[in-house]
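Given next are the chains, with one letter for each unit.
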Amino acid sequence: MQPIVVSGVRVPFADYRRLYFSLTYRSMMYFAVPLVIVVGIIIALANVKYLATPWFYGPPLVLVLALVTAGLVYYLGQIRKSYEDSGLANDALDYTFEPKRITVTGRHSNPLEVRWDTISEAQRRNNWLLLTTTAPATHLIDLGRLQAPATEAALLQLLADKGIALK
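Residues numbered from 1 in each chain as written. Predicted model: local features only at pLDDT ≥ 70, side-chain atom pairs only at ≥ 80, totals over all residues. Heavy atoms only, no water.

As for the nonpolar core
Tyr16, Tyr95, Phe97, Ile102, Trp116, Leu131 and Leu140 are the most contacted members of the largest nonpolar core, which totals 32 residues. Looking at which element gives the most residues to this core, the answer is strand β6 (residues 128-133), with four residues. Apart from residues no more than four positions distant in its own chain, Tyr16 is found in contact with Val11, Ile79, Ser82, Tyr83, Leu88 and Leu140. (Core = buried A, V, L, I, M, F, W, Y, C linked by side-chain atoms within 4.5 Å. Buried < 20%, exposed > 50% of the residue type's maximum accessible area, 1.4 Å probe, protein only. Helix = DSSP H or I, 4+ residues; strand = E, 2+ residues; numbered from the N terminus. Contact = heavy atoms within 4.5 Å.)

Okay, here's the thing in structure tokens:
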């Protein structure tokens, strides 16, 4: 079997952010939903206690909104920081899928070998294949960059042959 090569994968920040949200959506909901419920209960209880007091709608509400906004800005900044720290902003990566391993080479980084048994999950998001390893790391592979004669079907078949189910 010939190796399957995906060459020159660059991940624009907009795609990275969208993929990051799709991967972390469920865990964000486990945090955001209880937070909204608790803030709602606090506001409801405060309305009962200070029903006719316009003071509650001033400083405390502004403080809560400012804290939520600051948290959101911080979270978005962390996404940008993780993108820049990952090297995806500066390097185009080549992925070589072989029967024994996946080799990731960057033009400005050392080669990385990923064993098939370390891949815990594979997901398809539009034109992207996301391979999550036990390391924890996620490799973002642009399926539009497959080098001929390899095909997307051959790559997905290789994943299936290695026992990695596509979600």
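Now that the structure has been shown, the text picks up again.
Structural notes on the sheet that holds strand β3 (residues 101-106)
As summarised here, the arrangement of the four strands in space is β1-β2-β3-β4, forming an open sheet in which the pairing is antiparallel. At either end of the open sheet lies a strand with only one pairing partner, and these are β1 (4-9) and β4 (109-115). The sheet shows a mean angle of 15° between the axes of neighbouring strands, taken without regard to direction. (Pairing = 2+ DSSP bridges. Axes fitted to C-alpha atoms, helices over the stretch in contact; angles between N-to-C directions.)

Overview of the sheet that holds strand β7 (residues 137-142)
Within the open sheet, the three strands sit side by side as β5-β6-β7. Their pairing is antiparallel. Each of the sheet's edge strands pairs with one partner strand only, and the pair in question is β5 (119-125) and β7. Neighbour-to-neighbour, the strand axes of this sheet turn through a mean angle of 20°, independent of strand direction. With six bridges joining them, β5 and β6 adopt antiparallel strand pairing. Residue pairing across strands places Ala122 opposite Leu131, the latter belonging to β6.

A word on unusual backbone geometry
Cis rather than trans, the peptide bond between Ala148 and Pro149 has omega equal to 10°. Tracing the backbone through its elements, the reader meets Pro149 in the loop between β7 and α3 (152-161). Phi is positive for Asn126, close to 50°, though the residue is something other than glycine. Residue placement: Asn126 occurs in the loop between β5 and β6.

Some remarks on the packing of aromatic side chains
For the structure shown, the criterion picks out six aromatic pairs. Here Tyr16 and Tyr83 contribute two aromatic rings whose centre-to-centre distance is 5.0 Å and whose plane-to-plane angle is 50°, an arrangement assigned as tilted. Of the two residues, Tyr16 sits in helix α1 (residues 13-49) while Tyr83 sits in helix α2 (residues 59-86), which places them 67 residues apart along the sequence. A relative accessible area of 10% places Tyr16 in the buried class. The class of Tyr83 is buried, set by a relative accessible area of 6%. (Phe/Tyr/Trp six-rings, centres within 6.5 Å; stacked < 30°, edge-to-face > 60°.)

Some thoughts on the confidence of the model for the protein
On average, residues of the protein carry a pLDDT of 82, and 89% of them reach 70 or more. Across the protein, element-level confidence peaks in strand β2 (residues 93-97) with a mean pLDDT of 91 and bottoms out in α1 with 76. (pLDDT = per-residue confidence, 0-100.)

Considerations on a nonpolar patch on the surface
A cluster of nonpolar residues, Tyr25, Met29, Val33, Ile37, Ile41 and Leu45, forms a patch on the protein surface that exposes about 570 Å² of accessible area. Locating Ile37 in the fold gives a position in helix α1. Ile37 sits in the partly exposed class, given a relative accessible area of 47%. (Patch = residues over 30% accessible without salt bridge, like charges linked within 9 Å, V, L, I, M, F, W, Y side chains within 5 Å. Areas by Shrake-Rupley, 256 points an atom, 1.4 Å probe, with all protein chains shown as cover. Salt bridge = Lys/Arg side-chain N within 4 Å of Asp/Glu carboxyl O.)

With respect to the side chain of Thr132
Inspection of the secondary structure assignment puts Thr132 in strand β6. Accessibility expressed as a relative area gives 16% for Thr132, which makes it buried. Within polar-contact distance, the side chain of Thr132 engages the side chain of Thr138 at 3.3 Å. When sequence neighbours within four positions are dropped, the list of residues in contact with Thr132 reads Thr118, Ile119, Ser120, Glu121, Ala137 and Thr138. (Polar contact = N/O pair within 3.5 Å; in protein donor to acceptor, adjacent residues only side chain to side chain.)

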